[in-house]
Amino acid sequence: MASALGLIRVESNSDMVARERKEAEQRQAAEEANNRPLLRGLAAHVMDCWQDARDAKNAVLPRLRRARRARMGEYDDAKLAAIRQFGGSDEYARITANKCRVVEAWLRDIFLGQTEKPWSLNPTPVPNFPPHVEQQVQEEIGMEVAAMFQQTQQLPTGDQIRAIQAAQYDVAEERLRAESRDTVRRMERLMSDQLLQGGWATAMADFLANMVTYPSAILKGPILRRSKRLSWVPDAMGQVSPNVSHEIAPEFEALDPFRIYPAPGAATPQEGYIIEHGTYSYQDLYDLIGAPGFDSDAIRTVLRECSQGDGWLGIHTEDAASEDGVSDTLKDKVFGFSCLEFHGPVKGRDLLDWGMDDEDIDDPDATYEACVWLIDRWVIKAQLNYDPLGLRPYYKTSYEELPGQFWGLALPDILDDVQGVANATVRALVNNMGLASGPQVAVNIDRLPPGEDITNLHPWKIWQVRDPELGGNQSSAIEFYQPNTNVHELLAVLEKFYQFADDFSLVPRFMAGSDRVAGAGRTASGLSMLMDAANKGLKGVVSNIDMGILKPMLEKLYAHNMMYAEDSAVKGDAQVIARGAVSLMQLESLQLRRNEFLMATANPLDSQIVGPEGRAEVLREVAKGLELDVSKIVPPAEVLAQRSAAQAAAAKPQGGGAQPPIPGQGETLENGAAVTDNFSPNALTPS
């Protein structure tokens, strides 16, 4: 119970005993579950894979650290010590960081900055005929053949029957396509909402930053997590109050490349196995209690008894600091618990040896895709992959892919040599400017009186000198030397290597708004041609994201909805189309082409062909491109259909069978004479 002031919690003896008994029962249940041979075997298997993957990644860690330092504009410790030992400037020419920012902003504009999303769902070109539709088509074919027989009293020929079948199947196929388009639109809206609620925009922004910086960038999702959702519930008085609920929904996140360990020799996350070294706070682990697939008793035991940090992984303090740049002390304070998330195959025979039931293993020689979460010696999750194809929720790509390798090339790798020479040039430039900023002074101290301050140099200073006592050396007591300046030569070298950076990275300076463009770039048309040429080189980067990230990730989200979505109206046969590269080509010209199409079809003949529905569809796309509220400008198809029906009904003659009025009947000229019709077909008909 609580005190009256609510400051001190008072617990009775019986409550304490009951709580301790409950905790002991939970620990015993967790111990019994965790000590099963199956979980012990899985834990040992994960640790063996972790050691192999960690050893294999040691060859890549120097590249990752060098890439991070290049993005931050920092020297490594050994280089910085050598520079400081030599003396002078330790400036860093941030060419690589600048190129990374330009490409990152450019990719954000394609994938996050447009009104049109860089993906879509399209119905499959040939729809599947369900059994009931097939039966309906056969019945309609039979009815049409029977009607033809009744009219001609002869059986139709084979060619006629084939023509009837083709026509009926075409009608049914078009009907299925229309239904499929509606279903696909509903699925597309559902997936868009899931991406929005699951943090896809934030994850994609982090992913793009990683992609231009590190040899490979990894995106994870959809991940089913229990998260808080805030909604506002009105009461009887019309006031709203917040309502916090816990929902299990798909989420997306970009992973730190330092924390991903692929299997040795694996080229993609789907090959071999993959291990994620995650760090979770106390609250993160607590939120997993009750989530599908997780052992709540094991999680509670970890929270109560396991020490924080990653010492159980064999990572020492200096290793952890060099792995991700965060010291163990800070990491313990911020994150807490280290966890290995393993996704990979496990042999069926091993599962049988570890105690799994025979009916769960179809073939002992086959492998079974498993997902295992391990914290210290506790397995908090162990289950088979629910994906029909056994795909893992990890996707990776690189700025420049290397065939057969997991780690590709990023801008820091491509510009490593250029960055090194530019750094040396900038340091020499600063040192030379400092050295040549004033004269060097040589002082013959034998000719100066005692106590003369030789460090104080200012205009109009009077120096006291004396003649040499032995009369030997008659040189000046003070001499000035002006060091040579090499600024222009060094700037020429720096400019040349800036050009190398443009060529090697395929990111010319004018893409960042620089006006230092020569030759064809001095005219608008010439600059447009150069931009198109630069885009051709960078389209490969966008294509890597389309094929390596967007398409497989959206296909997995689509498969998840097909299996588990409660609304059956969204389930249909569709294919994912990643349109990042297409968006790049159409970024500036698409809206212009749509406007030209509207003007070209603004004539009576095209209006009859397109119809109000087609015209409305074009107007919707134009309004979307202008970021207008489409629903307030172009009415939906149902409203247009109602308007057309109302206009058709109003155009029908009233009175049932009444003759249309004769032109000119009842009209008179200005002089009062009746108007006569001498040219219409009615007037030409003899009476």
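For clarity, every value in this text was computed on a predicted model and none was experimentally measured.

A. Quick peek at the overall build of the chain. Counting its regular elements, the chain contains 23 helices and 12 strands. By residue count, 37% of the 687 residues in the chain fall in the buried class. A separation threshold of at least 6 residues defines the contact pool for the chain, and within that pool the share at least 24 residues apart is 72%.

B. Representation of unusual backbone geometry within the structure. The omega torsion across Gly221 and Pro222 is -10 degrees, close enough to zero to call that bond cis. Residue placement: Pro222 occurs in strand 2 (residues 217–234). Its identity is not glycine, yet Asp376 carries a phi of approximately 60 degrees, on the positive side. Counting through the fold element by element, Asp376 comes out in the loop between strand 7 (367–375) and strand 8 (378–384). Given a relative accessible area of 31%, Asp376 falls into the partly exposed group.

C. Seen up close, the pairing of strand 3 (residues 240–255). Sheet topology note: the strand 2/strand 3 ladder contains 15 bridges and is antiparallel. Each residue of the ladder has a partner; that of Lys228, found in strand 3, is His246. The turn joining strand 2 and strand 3, which pair antiparallel and follow one another in sequence, is formed by 5 residues; a positive phi near 90 degrees is taken by Gly238.

D. Representation of the pattern of salt bridges. The final tally for this structure, using the stated rule, is 18 salt bridges. Across the pair Arg63 and Asp413 runs a salt bridge, and its minimum N-O distance is 3.3 Å. With a gap of 350 residues between them, Arg63 in helix 3 (residues 61–72) and Asp413 in helix 14 (residues 411–414) connect regions that are remote in the sequence. Here Glu253 ties to Arg225 by a salt bridge, and the two come within 2.7 Å at their closest N and O atoms. Taken together, the residues Glu253 in strand 3 and Arg225 in strand 2 connect sequence positions 28 residues apart. On the basis of relative accessibility, which here comes to 24%, the residue Arg225 falls in the partly exposed class.

E. Seen up close, helix 15 (residues 416–435). Over its 20 residues, helix 15 extends 29 Å from the first C-alpha to the last, a length consistent with the 28 Å expected when each residue adds 1.5 Å. The inward-facing, buried residues of helix 15 abut helix 4 (77–86), helix 5 (95–111) and helix 16 (487–505).

F. Spotlight on the sheet that holds strand 8. Across the sheet, 5 strands lie side by side as 4-5-6-7-8; this open sheet has antiparallel pairing. In the strand order of this sheet, the two ends are held by strand 4 (260–262) and strand 8, each with one partner. Neighbour-to-neighbour, the strand axes of this sheet turn through a mean angle of 20 degrees, independent of strand direction. Sheet topology places strand 6 (residues 337–347) next to strand 7; 8 bridges connect them, and they run antiparallel. Paired with Phe342 across the two strands is Val372, which belongs to strand 7. Strand contacts of helix 2 (residues 37–57): strand 4, strand 5 (274–280), strand 6, strand 7 and strand 8, with the helix running at about 100 degrees to strand 6, the strand carrying the most contacts.

G. Quick peek at the side chain of Thr124. Take Thr124: it is sitting in the loop between strand 1 (119–123) and helix 6 (131–152). The exposure class assigned to Thr124 is buried, which follows from its relative accessible area of 17%. Look past the residues within four positions of Thr124 in its chain and what remains in contact with it is Asp573 and Ala574.

H. Local environment of the pairing of strand 6. Counting buried positions along strand 6 yields 9 of 11 residues, so the element is predominantly enclosed. Relative to strand 6, strand 5 runs antiparallel, the two sharing 7 bridges. Note on strand 6: the bridge partner recorded for Thr279 is Ser338.

I. Quick peek at the confidence of the model for the chain. Mean pLDDT over the chain works out to 80, with 81% of the residues at or above the 70 mark. This model gives residues 317–322 a pLDDT under 50, and the stretch forms 11 contacts once residues within four places in sequence are excluded.

J. Local environment of the sheet that holds strand 3. Read from one edge to the other, the open sheet built from 3 strands follows the order 3-2-9, with strand pairing classed as antiparallel. With partners counted over all chains shown, the strands left at the sheet margins are strand 3 and strand 9 (394–397), one partner each. Looking at each pair of strands side by side, their axes are set apart by 30 degrees on average, direction ignored. Sheet strands touched by helix 8 (residues 200–213): strand 2, strand 3 and strand 9. Its angle to strand 3, the strand with the most contacts, is close to 25 degrees.

K. Here's a closer look at a negative patch on the surface. A cluster of acidic residues, Asp357, Asp358, Glu359, Asp360, Asp362 and Asp363, forms a negative patch at the surface. Secondary-structure assignment places Asp357 in the loop between helix 13 (348–353) and strand 7. Among the residues examined, Asp357 registers a relative accessible area of 41% and is labelled partly exposed.

L. Layout of the packing of aromatic side chains. Applying the stated criterion across every chain yields a total of 10 aromatic pairs. Residues Trp50 and Tyr261 carry aromatic rings whose centres are separated by 4.7 Å and whose planes lie at 65 degrees to one another, so their mutual orientation is edge-to-face. Of the two residues, Trp50 is situated in helix 2 and Tyr261 in strand 4; the sequence distance between them amounts to 211 residues. Here the two residues Trp50 and Tyr261 agree in accessibility, since each one is buried. Note on Phe497 and Phe500: the rings are 5.2 Å apart at their centroids and 90 degrees apart in plane angle, and the pair reads as edge-to-face.

M. Spatial organisation of the nonpolar core. Core analysis: the largest hydrophobic core is formed by 52 residues, its most contacted members being Leu107, Phe207, Ile545 and Met553. With 10 residues, the single largest contributor to this core is helix 17 (residues 524–564). If you look at the next biggest cluster of nonpolar residues, it comprises 26 residues, including Trp50, Leu313, Phe342 and Ile361.

N. Representation of the packing of helix 5 against helix 8. Their axes nearest at 9 Å, the elements helix 5 and helix 8 cross at an angle of 145 degrees. Between helix 5 and helix 8 the crossing geometry is right-handed. Side by side, helix 5 and helix 8 meet where Cys100, Val103, Glu104, Leu107, Arg108 and Phe111 of the first sit next to Trp200, Met204, Ala205, Leu208, Ala209 and Val212 of the second. For the contact of helix 5 with helix 8, the residue count by class is 10 nonpolar, no polar and 2 charged.

O. Spatial organisation of helix 4. Where helix 4 begins, the side chain of Asp76 points an oxygen toward the backbone nitrogen of Ala78, at a separation of 3.1 Å. Positive phi shows up at Gly87, right after helix 4, with a value of about 95 degrees.

P. Examining the environment of Ala56 more closely. Relative to the helices and strands, Ala56 resides in helix 2. Under the relative-accessibility criterion, Ala56 is labelled partly exposed at 34%. As for Ala56 and Ala263, which are separated by 207 residues in sequence, their C-alpha atoms are 7.9 Å apart.

Q. The environment of Glu104, seen in detail. On the secondary structure map, Glu104 appears in helix 5. C-alpha separation for the pair Glu104 and Met211, spaced 107 residues apart in sequence, amounts to 8.5 Å. Polar side-chain contacts of Glu104 include one of 2.8 Å to the side chain of Arg71.

Cut-offs applied
Residues numbered from 1 in each chain as written. Predicted model: local features only at pLDDT ≥ 70, side-chain atom pairs only at ≥ 80, totals over all residues. Heavy atoms only, no water. Helix = DSSP H or I, 4+ residues; strand = E, 2+ residues; numbered from the N terminus. Buried < 20%, exposed > 50% of the residue type's maximum accessible area, 1.4 Å probe, protein only. Contact = heavy atoms within 4.5 Å. Pairing = 2+ DSSP bridges. Salt bridge = Lys/Arg side-chain N within 4 Å of Asp/Glu carboxyl O. Expected span 1.5 Å × (residues − 1). Axes fitted to C-alpha atoms, helices over the stretch in contact; angles between N-to-C directions. pLDDT = per-residue confidence, 0-100. Patch = residues over 30% accessible without salt bridge, like charges linked within 9 Å, V, L, I, M, F, W, Y side chains within 5 Å. Areas by Shrake-Rupley, 256 points an atom, 1.4 Å probe, with all protein chains shown as cover. Lys, Arg positive; Asp, Glu negative; His and termini not counted. Charge placed at Lys NZ, Arg CZ, Asp CG, Glu CD. Phe/Tyr/Trp six-rings, centres within 6.5 Å; stacked < 30°, edge-to-face > 60°. Core = buried A, V, L, I, M, F, W, Y, C linked by side-chain atoms within 4.5 Å. Left-handed = near helix turned anticlockwise from the far one by under 90°. Nonpolar A, V, L, I, M, F, W, Y, C, P; charged D, E, K, R; others polar. Polar contact = N/O pair within 3.5 Å; in protein donor to acceptor, adjacent residues only side chain to side chain.

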